[in-house]
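# A look at the structure
Residue strings, one per chain:
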Amino acid sequence: MRTHEVPNPAASYTDPVARGLVGAAFEAIRDRYVLARHQIAAAVVDADGRVHLGLHVDAMVGRAAVCAEAGALSAARLVTSAGLLAVAAVRFPKPTEPPYARVVPPCGLCRELLLDHAPHISVVLPHPEDTLTPLAGLLPHKYVGTKWPAPLTHP
């Protein structure tokens, strides 16, 4: 399979923010996909309209792997303290799979992480009619610890 033969899933989204995030994540993973190394890319948009990208980095020891959403969050925090508004992640197909990239929701760990740093962030879901769903709705019983005096309140 050649990477240029995989269609961009952004075309199925009518919401411009969702389409932009899915498109950015797709382009990132299309250009950087490596079997068993990099299969997912994520894009986060901040309150200033800037898009920050992250790449899934796999590891021999699975626990050492880094999710794309964590990478995008880190990339955003390196350059801005602006609120984070929305996130999308795209999974590129393996050569043995049908040639379709797909939008995937954040894993449980990334849901916790994103909500720690952006409690009002929305997520682009795999179904275009559900675009920009509040991430908190996917994690209704989020862990709230005492490490920080109060949750961050970035919009």
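For the structure given in this document, a descriptive report is provided here. (Residues numbered from 1 in each chain as written. Predicted model: local features only at pLDDT ≥ 70, side-chain atom pairs only at ≥ 80, totals over all residues. Heavy atoms only, no water.)

Another aspect to go through is the environment of Ile121. Within the fold, Ile121 resides in the loop between α3 (108–117) and β5 (122–123). As a C-alpha pair, Ile121 and Gly54 span 67 residues in sequence and 16 Å in three-dimensional space. The residues touching Ile121, leaving out its near neighbours within four places in the chain, are Leu84, Leu85, Ala86, Val87, Leu114, Leu115, Pro134 and Leu135. (Helix = DSSP H or I, 4+ residues; strand = E, 2+ residues; numbered from the N terminus. Contact = heavy atoms within 4.5 Å.)

A few words on the pairing of strand β2 (residues 51–55). What you see with β2 is a clean split: His52 and Gly54 sit on the buried side and Val51, Leu53 and Leu55 on the side with no burial. Relative to β2, strand β1 (residues 40–46) runs antiparallel, the two being bridged by 5 bridges. Paired with Val44 across the two strands is His52, which belongs to β2. Hairpin connection of β1 to β2: 4 residues between the antiparallel strands, including Gly49 at a positive phi of 90°. (Buried < 20%, exposed > 50% of the residue type's maximum accessible area, 1.4 Å probe, protein only. Pairing = 2+ DSSP bridges.)

Once that is clear, we can look at the packing of aromatic side chains. Considering all chains together, one arrives at 2 aromatic pairs under this definition. Measuring from ring centre to ring centre gives 5.1 Å for Tyr33 and Phe92, while their planes differ by 40°; the resulting arrangement is tilted. On the criterion of sequence distance, the pair formed by Tyr33 in the loop between α1 (16–32) and β1 and Phe92 in the loop between β3 (84–91) and β4 (102–104) is long-range, its members being 59 residues apart. Judged by its relative accessible area of 16%, Tyr33 falls in the buried class. One aromatic cluster in this structure is built from Phe26, Tyr33 and Phe92. (Phe/Tyr/Trp six-rings, centres within 6.5 Å; stacked < 30°, edge-to-face > 60°.)

What follows deals with unusual backbone geometry. Positive phi values are uncommon outside glycine, yet Ala36 reaches one of about 65°. Structurally, Ala36 can be placed in the loop between α1 and β1.

By the criterion of burial, β1 is predominantly enclosed, with 6 of the 7 residues buried. Examined bridge by bridge, β1 and β3 share 7 bridges and lie antiparallel to one another. Paired with Ala41 across the bridge in β3 is Val90.

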